[in-house]
Amino acid sequence: MIKEDWGFQTGLPEAASSYAPNIDWLMNVLHVVMIGIFVVWGVYFIYCLVAYRARDGHTGTYHQTGEKASFIPDGLILAFEMWLILAFGIPIWASVKQSTPPPSESNNIHVIAQQFAWNIHYPGPDGKFGRRDVKLVSASNSIGLDESDPASKDDIVTINQMSVPLGKPTILQMTSKDVIHDFWVSNFRNKQDVVPGLNTNLWFEPTKTGKFEIACAQLCGLGHTQMVGNVFVKTPEEFDEWQKSQVAEKAGTASAAGAVAPSENRS
Ligand SMILES: [Cu+2]
């Protein structure tokens, strides 16, 4: 959950995705070991300053001794770093970035970033995304959804508010309308650039229900700091209910207006 107050807080934000504990573990190991190395080197440095200070009757020796022994600390640190990279760094990175869960078993969402908002496009109950066309983009149709496409009838479009179900991976396919943005949910320990003209993917499997902040992690213009949203992780039942209510609301809006208009949530 987001801490609403700006009081003193130590440590990382609450971990809320399947891969977050692995990333936290690696960060903790790095910090603890680096603090250890810093303390050992610091003590040794101070010892050398005192033991080899300039004083009467002592002169420097300018020939090398113990060349082999001097490689031992470097060798240990090299071995430790190789262990970190090969045993943890690469496998954890691969589990986040190289192994997306199968889309057929995931909740799929398209994200269209713009200065300065996250447009969120759901395929709706049919699981099919309606066609989007840049020529259809207007004040009331921020993603250019083609409402004449049968697949877009039950599509849901929200702004800055993303709902996802618990117990299932969510796959985001993202693009940008203008400049490079970066989708970041610190509780999920993930981050992915959102680039105009490209589709980039990001997946996560939430492990907790609640509200988690989406931030833009790429300085993208004057409104960058306002480019904030929320992910609402719901139980599967709550998610289905939410989806139904969104589709019903959209159908109501369309018939009331006598025209087709995508549902937009601003909250
Ligand atoms: Cu941005």
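Note: the structure precedes this text.
Residues numbered from 1 in each chain as written. Predicted model: local features only at pLDDT ≥ 70, side-chain atom pairs only at ≥ 80, totals over all residues. Heavy atoms only, no water.

(A) Up close: the overall build of the chain. Counting secondary structure elements, the chain contains three helices and ten strands. Starting at the N terminus, the α and β elements of the chain follow one another as α-α-β-β-β-β-β-β-β-β-β-β-α. Taking all 267 residues of the chain together, 37% fall into the buried category. In the chain, 69% of the contacts between residues at least 6 apart in sequence involve partners at least 24 apart. Carbon together with sulfur atoms contributes 62% to the accessible area of the chain, which is approximately 15900 Å² in total. (Helix = DSSP H or I, 4+ residues; strand = E, 2+ residues; numbered from the N terminus. Buried < 20%, exposed > 50% of the residue type's maximum accessible area, 1.4 Å probe, protein only. Contact = heavy atoms within 4.5 Å. Areas by Shrake-Rupley, 256 points an atom, 1.4 Å probe, with all protein chains shown as cover.)

(B) Up close: unusual backbone geometry. Residue glutamine 115 is joined to phenylalanine 116 through a cis peptide bond whose omega torsion reads 0°. Checked against the element boundaries, phenylalanine 116 lands in the loop between strand E1 (107-114) and strand E2 (117-122). At asparagine 160, a residue that is not glycine, the phi angle is positive and equals roughly 65°. For asparagine 160, the position within the fold is in the loop between strand E3 (156-159) and strand E4 (161-165). For asparagine 160, a relative accessible area of 15% corresponds to the buried category. A positive phi angle is found at arginine 189, which is not glycine, with a value near 60°. By the element assignment, arginine 189 lies in the loop between strand E6 (181-185) and strand E7 (190-194).

(C) Main features of the nonpolar core. Ranked by size, the top nonpolar core spans 38 residues in total, and within it Ile109, Trp118, Met162, Leu172, Phe183, Phe188 and Val231 carry the most contacts. When residues of this core are assigned to their parent elements, the largest contribution, five residues, is made by helix H2 (residues 71-97). Each of two domains, domain 1 (20-55 + 66-97) and domain 2 (105-257), supplies a minimum of three residues to this core. Apart from the residues lying within four places of it in its own chain, the contact partners of methionine 162 are Ile109, Val111, Ile120, Tyr122, Leu172, Phe183, Phe204, Ile214, Asn230, Val231 and Phe232. (Core = buried A, V, L, I, M, F, W, Y, C linked by side-chain atoms within 4.5 Å. Domains from an automatic or database assignment.)

(D) Structural view of helix H1 (residues 20-51). Between the first and last C-alpha of H1 there are 46 Å, a value that for 32 residues agrees with the 46 Å anticipated at 1.5 Å per step. All of the buried residues in H1 are Ala20, Ile23, Asp24, Leu26 and Val29. In this fold, the buried residues of H1 make contact with H2. (Expected span 1.5 Å × (residues − 1).)

(E) Spatial organisation of the packing of H1 against H2. Two numbers describe how H1 lies on H2: the axes approach to 10 Å, and their chain directions differ by 165°. In terms of their interaxial angle, H1 and H2 are classed as roughly antiparallel. Every pair of crossing elements has a handedness; the one defined by H1 and H2 is left-handed. Across the interface between the two elements, Asn22, Ile23, Trp25, Leu26, Val29, Leu30, Val33, Met34, Ile37 and Trp41 of H1 pack against Pro73, Ile77, Phe80, Glu81, Leu84, Phe88, Gly89, Ile92 and Val96 of H2. Grouping the amino acids of the contact of H1 with H2 by side-chain chemistry returns 16 nonpolar, two polar and one charged. (Axes fitted to C-alpha atoms, helices over the stretch in contact; angles between N-to-C directions. Parallel < 35°, antiparallel > 145°, perpendicular 65-115°, else oblique. Left-handed = near helix turned anticlockwise from the far one by under 90°. Nonpolar A, V, L, I, M, F, W, Y, C, P; charged D, E, K, R; others polar.)

(F) Spotlight on the sheet that holds E7. If you trace the five strands from one edge of the open sheet to the other, you get E4-E10-E9-E6-E7, paired in mixed fashion. What marks the edges here is a single partner per strand, and that holds for E4 and E7. Taking each pair of neighbouring strands and ignoring which way they run, the sheet shows an average axis angle of 25°. (Pairing = 2+ DSSP bridges.)

(G) A look at the pairing of strand E5 (residues 170-176). E5 sits mainly inside the fold: six of its seven residues count as buried. For E1 and E5, the ladder comprises seven bridges, and the chain directions are parallel. Counted as the bridge partner of asparagine 108 is isoleucine 171 from E5. Summarising the sheet, E5 and strand E8 (residues 200-204) pair through five bridges and their orientation is antiparallel. Considered in E8, the bridge of threonine 170 is made with phenylalanine 204.

(H) Representation of the coordination of the copper ion. Taken together, the protein donors to the copper ion comprise His181 (ND1), Cys216 (SG), Cys220 (SG) and Met227 (SD), at separations of 2.1 to 2.5 Å. Considering all four donor atoms around the copper ion, angles at the metal cover 87 to 126° and the coordination shape is tetrahedral. Counting gaps between the donor residues of the copper ion yields the pattern H-x34-C-x3-C-x6-M. Residue cysteine 216 shares its accessibility class with cysteine 220, and that shared class is buried. (Donors = N, O, S within 2.8 Å, 3.2 Å for Na, K, Ca; no water. Tetrahedral: all angles 85-135°; square planar, octahedral: opposite > 155°, others 65-115°.)

The values are spatial; any link to function lies outside them.
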